[in-house]
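Architecture and fold: a report
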Amino acid sequence: MSETAATPVLELRELRRSFGGVKAVDGITLSVLAGDVVALIGPNGAGKSTLFALMMGELAASAGEIHLDGRDMRRLSARAHARAGIGRTFQAPRLFAGLSVWENILAALGARTNRSDREGPPPADALGEVGLYERRAELAGSLSQGQRKRLELAMVLALRPRLLLLDEPTAGMGVAERAAVMELVMAAVQWRRLTMVFCEHDMETVFAHADRVVVMDRGAIVADGTPREVREDPHVQSVYLGGGFSHGGAPR
Ligand code: ADP
Ligand code: MG
């Protein structure tokens, strides 16, 4: 095993977060290695989005630890997480509808200072990668839902993250658009040598692109393995009510 492979990019230890009596994240221990493409799946309310918010420093953990490249990230702001190289998109894209596509990229860049520590492609490249360079002068508010997801992805890529967290990157898309968006996500991951964790409901997308699938249910990890291992896991099949995978059913 090489040295980079042995050092996790992201390490979560016994991470917890409750909202009142709800244990949204209830003792998650997880290591993500450099270059991993990890799909995080699980029914609605399993705690996936809460886990993302914890990994991004947007929410404080009730207990447990988060290490990025071995560095303790507790009590650091979301901005500090972004500076440290984590980038994320939201389940519902967060854009400035009244600004142009290019101005949204600039706004994303403005939200983070001190990027000079990292080399990488210029911000405009990110628009090309998602197919929106020609539309850079248009208002973000005039874009379709799928194009908004692409713009949000470009806004994150422009920040040159090393670890990409995508919360349902294909939500609300049809089959063809879903495939197209995942193609460009995977191209960016390879070209930019990113590590990625993504939440996804569509099992075909998960099994087509993930090296590793982590299944959450009620705040805990109930399975973690290769797509094949997870697909055959009896516990996973019961969580998904009678083997929804083979029927292509989207878990809720
Ligand atoms: P998922 O993304 O897997 O659907 P979430 O992380 O959104 O799951 O939610 C996990 C649980 O935590 C749910 O029971 C949800 O209602 C609860 N929850 C999430 N965010 C909040 C919040 N800000 N306040 C109160 N409860 C929350
Ligand atoms: Mg969610």
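All values reported here derive from a predicted model rather than from experimental measurement.

Non-glycine residue E14 carries a positive phi angle of around 50°. Here R218, not a glycine, exhibits a phi torsion of approximately 45°, which is positive. The topology assignment puts R218 in the loop between β9 (212-217) and β10 (220-225). By relative accessible area, which is 65% here, R218 ends up exposed.

The environment of ligand 1 is made up of F19, V22, A24, P43, N44, G45, A46, G47, K48, S49 and T50. At a separation of 3.2 Å, an oxygen atom of ligand 1 approaches a polar backbone atom of A46. K48 is positioned such that a nitrogen or oxygen atom in its side chain is 2.8 Å from an oxygen atom of ligand 1. For ligand 1, the protein covers 58% of the area, taking 560 Å² as the surface of the free molecule. For the shell around ligand 1, the secondary-structure elements that each account for two or more residues are β2 (22-33) and α2 (48-55). Residue contributions to the shell around ligand 1 peak at three residues, all from α2.

In this section: the sheet that holds β10. The six strands are arranged β6-β7-β8-β3-β9-β10 in an open sheet whose pairing can be described as mixed. The open sheet is flanked by β6 (86-89) and β10, the only strands paired with a single partner. The mean inter-strand angle of the sheet, taken between neighbouring strand axes irrespective of direction, is 15°. As defined by bridge partners, β6 adjoins strand β7 (residues 163-167) across four bridges and the pair is classed as parallel. Residue pairing for β7: G87 is matched across the bridge by L164.

Conventions used here
- Residues numbered from 1 in each chain as written.
- Chains lettered and ligands numbered in written order.
- Predicted model: local features only at pLDDT ≥ 70, side-chain atom pairs only at ≥ 80, totals over all residues.
- Heavy atoms only, no water.
- Helix = DSSP H or I, 4+ residues; strand = E, 2+ residues; numbered from the N terminus.
- Buried < 20%, exposed > 50% of the residue type's maximum accessible area, 1.4 Å probe, protein only.
- Near = heavy atom within 4 Å.
- Polar contact = N/O pair within 3.5 Å; in protein donor to acceptor, adjacent residues only side chain to side chain.
- Areas by Shrake-Rupley, 256 points an atom, 1.4 Å probe, with all protein chains shown as cover.
- Pairing = 2+ DSSP bridges.
- Axes fitted to C-alpha atoms, helices over the stretch in contact; angles between N-to-C directions.

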